[in-house]
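Summary of structural features
What follows is the residue order along each chain.
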Amino acid sequence: MTDQPQGFETLQIHAGSNPDPATGARQTPIYQSTAFQFRDAEHARKLFGLEEVGFIYSRLTNPTVAVLQERVATLEGGAGAVACSSGHAAQIMALFPLMSPGDNVVSSNRLYGGTVTQFTQTIKRFGWSASLVDFDDVAAIKAAINDKTKALFCESIANPGGHITDVAAIAKIADEAGIPLIVDNTVATPYLCQPIELGATLVVHSATKYLTGNGTVTGGIVVDSGKFDWSASDKFPSLSQPEPAYHGLNFHAALGPMAFTFHSIAIGLRDLGMTMNPQGAHYTLMGIETLSLRMERHVENALTVAKWLEADPRVESVSYGGLASAPSHENMAKTCPKGAGAIYTVALRNGAKACEDTVANVKLFSHVANLGDARSLIIHPASTTHSQLSPEQQIAAGVGPNVLRLSIGIENVADIIADLDQAIS
């Protein structure tokens, strides 16, 4: 490896990885071990005291998972990362060091339906709350922020509607308020969007989706930019003051740019137990090796299919930021100049029954509750992924009863179009 800065395509293969020192194995091994032997009592003491980096117990740290963490942190331009058990786990892990009972997060109202439920219902059990607002409306965001707001949260490309967020504009609002911006970059991936470059503090991923890319893993990742000053105010005592959950350690004073990452491992993973397994990390690493190639094909296919759908008289509308007609198209050049991703919604003129018939008749598409697979996927959100929302919330999320969500794969694009054509018919 050279000292010259390396491109994304090189880093997606090499970052964080070296030949195994014991065997010379070039692919990162699966270290399927619960615990790791200490050299001596002093070594153990330093590891537990965060004076030395190493491996203790796989709920906290594991060599296979560590390579994945370093690789994704490198691709996102972050200081560190923590891998965990799912994308939803990553969202809780991102909030956990920031929030106390009574605190709130201001979030975009264009979110995956499960995230809406997690934010509006489940986090109440921690004593947290969320305000969902239109993140295209700067005044609404600022009005929702109060002295208990600990973060802003959005998706770079919204699931399911393909709406592109002006991440840089939201980051400025977060900076003015002295709070971090958390960006879910699952749909865009670090190949299409670099939220940290645009001013985000934390980036979360469902590794289940495009990072792995083959529908074999459930996992999540939180990346910390390392740039936020946790000690600038008294808003984040778990990071800026002595932490009673870790023998009074002041994480920011002791660990600087790595404070959030180490807190998430030493306390978050220790106590919440949302750990990624080493086999899942191994599969995700293999998927990331081809991320740029897959995303280029995903985007190319998605735009071709979206243009075909937009011109079809059976289609009422297509919600995809990559189309020139999309309200968020102007954000593409700012947020994801390499492409608008490969998921979007399509509204059919003949209503919910047409959606039901289309899903029943596809042959190439898979009817599953997932996205970001190499395969093309289809689902009716109003009756599945967003069924827990009220009709009003469904409409606000862009998933009314006549709407399908498509995740366009990397198959031959003519075959994708042919399958949709016969299914809609």
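Look up a bit, the structure's there.
Below is a short write-up of the structure. Note that the structure is a prediction, hence the values are computed from the model and not measured. (Residues numbered from 1 in each chain as written. Predicted model: local features only at pLDDT ≥ 70, side-chain atom pairs only at ≥ 80, totals over all residues. Heavy atoms only, no water.)

Thoughts on the environment of Ala342
- The residue Ala342 is located in the loop between α14 (332–335) and β9 (343–348) in this model.
- Distance from Ala342 to Glu300, taken between C-alpha atoms, is 8.5 Å for residues 42 residues apart in sequence. (Helix = DSSP H or I, 4+ residues; strand = E, 2+ residues; numbered from the N terminus.)

Examining the side chain of His282
- Along the chain, His282 falls in helix α12 (residues 278–288).
- Judged by relative accessible area, His282 falls into the buried class, the value being 11%.
- If we ignore the near neighbours within four places in the chain, the residues touching His282 are Gln27, Thr28, Ile30 and Thr64. (Buried < 20%, exposed > 50% of the residue type's maximum accessible area, 1.4 Å probe, protein only. Contact = heavy atoms within 4.5 Å.)

Looking at empty space enclosed by the protein
- Summed over the entire model, instances satisfying the criterion amount to 1 cavity of 30 Å³ or more.
- Quantified by volume, the largest cavity comes out at close to 50 Å³.
- Lining the largest cavity are Ser58, Arg59, Leu60, Thr61, Asn62, Val65, Gln69, Ala83, Leu269, Thr275 and Met276.
- The residue makeup of the lining of the largest cavity, split by class, is 5 nonpolar, 5 polar and 1 charged. (1 Å grid on protein atoms, 1.4 Å probe; cavity = no way out; pocket = protein on both sides within 12 Å on 5 of 7 lines; lining within 4 Å. Points joined across faces, edges and corners; volume = space filled by probe spheres on them. Nonpolar A, V, L, I, M, F, W, Y, C, P; charged D, E, K, R; others polar.)

A closer look at the layout of surface pockets
- The computed volume of the largest pocket comes to approximately 650 Å³.
- Together, 29 residues line the largest pocket, and Val53, Gly54, Thr61, Phe262 and Ile265 are the ones closest to its centre.
- Those elements that provide at least two residues to the lining of the largest pocket are α2 (41–48), α3 (63–76), β1 (80–84) and α11 (259–272).
- Considering only residue class, the lining of the largest pocket consists of 18 nonpolar, 7 polar and 4 charged.
- When its volume is computed, the second largest pocket comes out at roughly 370 Å³.
- Gly161, His163, Ser319, Thr345 and Gly398 are the residues nearest the centre of the second largest pocket, which is lined by 25 residues in total.
- Looking at the lining of the second largest pocket, the elements that each hand over two or more residues are β8 (315–319) and β9.
- For the lining of the second largest pocket, the element with the highest residue contribution is β8, accounting for 4 residues.
- Looking at the lining of the second largest pocket residue by residue, the classes come out as 12 nonpolar, 11 polar and 2 charged.

Observations concerning the packing of helix α15 (residues 351–361) against helix α17 (residues 413–424)
- At a minimum axis distance of 8 Å, the contact between α15 and α17 shows a crossing angle of 130°. By the angle between their axes, α15 is oblique relative to α17. Two packed elements cross with a definite hand, and for α15 against α17 that hand is right-handed. Residue-level contacts link Asp357, Thr358 and Asn361 of α15 to Gln422, Ala423 and Ile424 of α17.
- Here the residues of the contact of α15 with α17 are counted per class, giving 2 nonpolar, 3 polar and 1 charged. (Axes fitted to C-alpha atoms, helices over the stretch in contact; angles between N-to-C directions. Parallel < 35°, antiparallel > 145°, perpendicular 65-115°, else oblique. Left-handed = near helix turned anticlockwise from the far one by under 90°.)

Some thoughts on the side chain of Asp224
- Of note, Asp224 is situated in strand β7 (residues 220–224).
- For the buried residue Asp224, which engages in no salt bridge, the nearest side chain bearing the opposite charge is Lys227, 9.8 Å off.
- At a separation of 3.1 Å, a polar atom in the side chain of Asp224 contacts the main-chain amide nitrogen of Gly226.
- In this view, Asp224 contacts Gly78, Ala79, Gly80, Ile196, Thr201, Leu202, Pro257, Phe260 and Thr261; residues no more than four positions away in its chain are not counted. (Lys, Arg positive; Asp, Glu negative; His and termini not counted. Salt bridge = Lys/Arg side-chain N within 4 Å of Asp/Glu carboxyl O. Polar contact = N/O pair within 3.5 Å; in protein donor to acceptor, adjacent residues only side chain to side chain.)

So, the packing of aromatic side chains
- A full pass over the atoms with the stated rule returns 11 aromatic pairs.
- Ring centres of Trp230 and Phe260 lie 5.9 Å apart, and the angle between their planes is 20°; on these two criteria the pair is classed as stacked. Note that Trp230 is positioned in the loop between β7 and α9 (237–240) and Phe260 in helix α11, a separation of 30 residues in sequence.
- Residue Phe260 is classed as buried on the basis of its relative accessible area of 1%.
- An aromatic cluster is defined as three or more aromatic residues linked by ring pairs; in this entry it consists of Phe228, Trp230, Phe236 and Phe260.
- Here the guanidinium or amino end of Lys338 rests over the ring plane of Phe8, the centre of that ring lying 5.9 Å away.
- Its guanidinium or amino end placed over the ring of Tyr191, Lys338 lies 4.0 Å from that ring's centre, counting from NZ or CZ. (Phe/Tyr/Trp six-rings, centres within 6.5 Å; stacked < 30°, edge-to-face > 60°. Lys NZ or Arg CZ within 6 Å of the ring centre and 35° of its normal.)

As for the sheet that holds β8
- In spatial order, the strands read β8-β9-β12-β11-β10; together these 5 strands make up an open sheet with mixed pairing. Each edge of the open sheet is held by one strand with a lone partner, namely β8 and β10 (366–367). (Pairing = 2+ DSSP bridges.)

Concerning α12
- Most of α12 sits out of view: 8 of its 11 residues are buried.
- For α12, the full list of buried residues reads Pro278, Gly280, Ala281, His282, Thr284, Leu285, Gly287 and Ile288.
- Those residues of α12 that are buried lie in contact with α1 (8–14), α3 and α13 (291–310).
- Capping of α12 at its N-terminal end is provided by Asn277; its side-chain oxygen lies 3.1 Å from the backbone amide nitrogen of Gln279.

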